[in-house]
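# Architecture at a glance
One letter stands for each residue in the lines below.
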Amino acid sequence: MKHLISPLDFSVEELDQLLSLAQDIEHHPSKYSNICQGKKIATLFYEPSTRTRLSFEAAMLNLGGSVLGFSSANSSSAAKGESVADTIRVISCYADIAAIRHPKEGTAFVAASKSGIPVINAGDGGHQHPTQTLTDLLTIKSLKGGFENLTIGLCGDLKFGRTVHSLINSLSRYRGISFVLISPRELRVPDYIRENVIEANHIPYQEVESLDSAMPNLDILYMTRVQRERFFNEEEYLRMKDCYILDKEKMKLAREDMLVLHPLPRVNEISVDVDDDPRAVYFKQAQYGVYVRMALIITLLKEAGRLC
Ligand code: CP
């Protein structure tokens, strides 16, 4: 059974096929509008979400299928003490595929090991968020034409930001990539990502604190929110929360073809006056998230023999 737990669960070739399918879905949606008729996706969300849960649901509805699930642990039997392992066994009787978000790292992996249906990691604690990465990759591929020879700036909370960890994992497989890691010292990329992914793949990178000095060299600026829910100490969060604010003035330092991505939700880190800049593509990125999740549902259901 193929699941999506880590962004590396798909080879580069499989990823290319998935992104090409997503692009075909974008351009020919009617070809796919009934392909999942009679199929159901379960969205098991133990943590809040707007985009990920609703884009999975929109994706399955766009494919002619149906949705079921819960949007908080409190509205499920987790509140009575049921384990994720038992929950996924039961959900395997009700649905054809499941997307799970949980605050604890590794939960999607555990769920997959007990599941009778494909499991998609929709975010596990501060660890990984592979479908956000698929969204980011489709955005970059569609708007930049590919992934090679890009200088990518990742800015903000690089310690707890799971979307950053997943994106670095995925992009490290392409030629000519370099990273500029822009964060305060306290929120730097974890050692295991820097050493086991970036350095192990001989990717050129810099760790800097100044967004202004990094801006002129970037092809992509990936902004992130400071992850309040992962801080142990509210005072520390308050000290860090406005460490970077991208505004119209700062955008003057960037190249004319630099793109600004953000997984959203944003808090303060991008001023609303940037939204009208054609280089700000974060809302377009959210739309790409639907196409790529449609492609993922089709791909995993086919692999599981649940779709012809
Ligand atoms: N990008 C993302 O994961 O957003 P949600 O938390 O709203 O799902």
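Higher on the page you've got the structure.
Note that the structure is a prediction, hence the values are computed from the model and not measured.

### A look at the site of the ligand
- The full set of residues close to the ligand is S49, T50, R51, T52, R101, H129, Q132, P263 and L264.
- Residue R101 places a side-chain N or O atom 3.0 Å away from an oxygen atom belonging to the ligand.
- Between H129 and the ligand, the recorded distance is 2.8 Å, taken from a side-chain N or O atom to an oxygen atom.
- Starting from 250 Å² of accessible surface for the ligand in isolation, the protein chains cover 91%.

### Some details on the sheet that holds strand β7 (residues 205–208)
- With parallel pairing, the five strands of this open sheet are ordered in space as β7-β6-β5-β8-β9. Where the open sheet ends on each side, the last strands, each with one partner, are β7 and β9 (259–261). Along the sheet, successive strands turn relative to each other by an average axial angle of 15°, direction set aside.
- Looking at chain direction, strand β6 (residues 178–182) and β7 are connected through four bridges and run parallel.

### Notes on the pairing of strand β8 (residues 220–223)
- Side chains I220 and Y222 of β8 all project onto a buried face; the interleaved residues L221 and M223 project onto the opposite face, where all are buried too.
- Looking at chain direction, strand β5 (residues 151–155) and β8 are connected through four bridges and run parallel. Each residue of the ladder has a partner; that of L154, found in β8, is Y222.
- One ladder, built from three bridges, connects β8 with β9; its direction is parallel. Paired with Y222 across the two strands is L261, which belongs to β9.

### A closer look at the pattern of salt bridges
- Under the counting rule described, the total for this entry stands at 19 salt bridges.
- Notably, a salt bridge pairs R194 with D191, separated by 2.7 Å at the nearest N-O pair. With R194 and D191 both in helix α7 (residues 191–199) and three residues apart, the pair spans about one turn of that helix.
- Each of E186, E236 and R239 takes part in one network of salt bridges that share partners.

Definitions and cut-offs
- The residue numbering used here restarts from 1 in each chain and proceeds along that chain's sequence as written.
- Only residues with pLDDT of at least 70 are given local features in this predicted model, and only at 80 or more are side-chain atom pairs given and counted; all residues enter the totals for whole chains, interfaces and linings.
- Hydrogens are left out, water is left out, and the side-chain values use all remaining heavy atoms of the structure.
- For this description, a residue counts as near a given molecule or strand if any of its non-hydrogen atoms is within 4 Å of it.
- Side-chain atoms alone can form a polar contact between residues adjacent in sequence; in general such a contact is a pair of N or O atoms within 3.5 Å, and within protein one must be able to donate a hydrogen while the other accepts it.
- We get accessible surface area from the Shrake-Rupley algorithm with a probe of 1.4 Å; when it comes to residues, only the shown protein chains can shield them.
- DSSP-based pairing: two strands are paired if at least 2 bridges between them are found.
- Secondary structure follows DSSP: runs of H or I at least 4 residues long count as helices, runs of E at least 2 residues long count as strands, and numbering of each begins at the N terminus.
- Axis definition: a line fitted to C-alpha atoms, limited for helices to the stretch in contact. Angles are taken between N-to-C directions and run from 0 to 180 degrees.
- Throughout, exposure labels follow a simple rule: accessible area from a 1.4 Å probe, protein chains only, divided by the maximum for the residue type, with under 20% read as buried, over 50% as exposed, and the rest as partly exposed.
- Salt bridge, as applied in this entry: a Lys or Arg side-chain nitrogen positioned within 4 Å of an Asp or Glu carboxyl oxygen.

That is the geometry; function is a separate question.
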